[in-house]
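Residues per chain, in single letters:
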Amino acid sequence: NSGGILIKTNLLHEAKFSLADMTGDQSKRKRIDTAGLNSLTAREHEVLELIVRGQSNREIGRALCISENTAKKHVQTILSKLDVSDRTEAAVKAVRVGLVSPFSNGEV
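What counts and how
- The numbers attached to residues start from 1 for each chain and follow its sequence in the written order.
- Reporting of local features is limited, given that this is a predicted model, to residues whose pLDDT is at least 70; pairs of side-chain atoms are given and counted only at 80 or more, and all residues count toward the totals for whole chains, interfaces and linings.
- No hydrogens and no water enter the side-chain calculation; it runs on all heavy atoms of the structure.
- Should a side-chain nitrogen of Lys or Arg be within 4 Å of a carboxyl oxygen of Asp or Glu, the pair is scored as a salt bridge.
- Numbering of helices and strands runs from the N terminus; a helix is a DSSP stretch of H or I covering at least four residues, while a strand is a stretch of E covering at least two.
- Accessibility here uses a 1.4 Å probe with only protein chains present; expressed as a share of the type maximum, an area under 20% marks a residue as buried, one over 50% as exposed, and anything in between as partly exposed.

**Student:** Lay out the pattern of salt bridges in plain terms, naming residues and giving numbers.
**Tutor:** Scanning the entire structure with this criterion turns up three salt bridges. In this structure, E44 and K81 form a salt bridge, with 2.8 Å as the shortest nitrogen-oxygen distance. With E44 in helix α2 (residues 42-52) and K81 in helix α4 (residues 68-82), this residue pair connects regions lying 37 residues apart in the sequence. Residue class for K81 comes out partly exposed when judged on its relative accessible area of 25%. In this structure, E68 engages R58 in a salt bridge whose closest nitrogen and oxygen atoms are separated by 3.5 Å. Within this pair, whereas E68 is found in helix α4, its partner R58 is found in helix α3 (residues 57-64), the two being separated by ten residues in sequence. For R58, a relative accessible area of 46% gives the class partly exposed.

Purely spatial values, then, with no claim about function.
Written out as structure tokens, the structure reads:
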């Protein structure tokens, strides 16, 4: 693993809609289920922000001063609460609903 991120084609399509929503293009807006978003703990929200940045469990652990295994457990809990199957879907959903900015690390 080179540390890169593999993104499924359909998720790229979703991300495109997310950015369209953020720029005010409502014509492509799609309703998504926000169940689970409000049940995230503060720590899970921190982890989700790092997922959106594309960080691995190891990087999340280092950033939050927790073990890689604890980071992995947080990720699994987030996936369950957001009703998604992988971290890329979690990131797309979080950005789409405005829970996390895709530019939260200062990039524009």
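What follows picks up the thread again.
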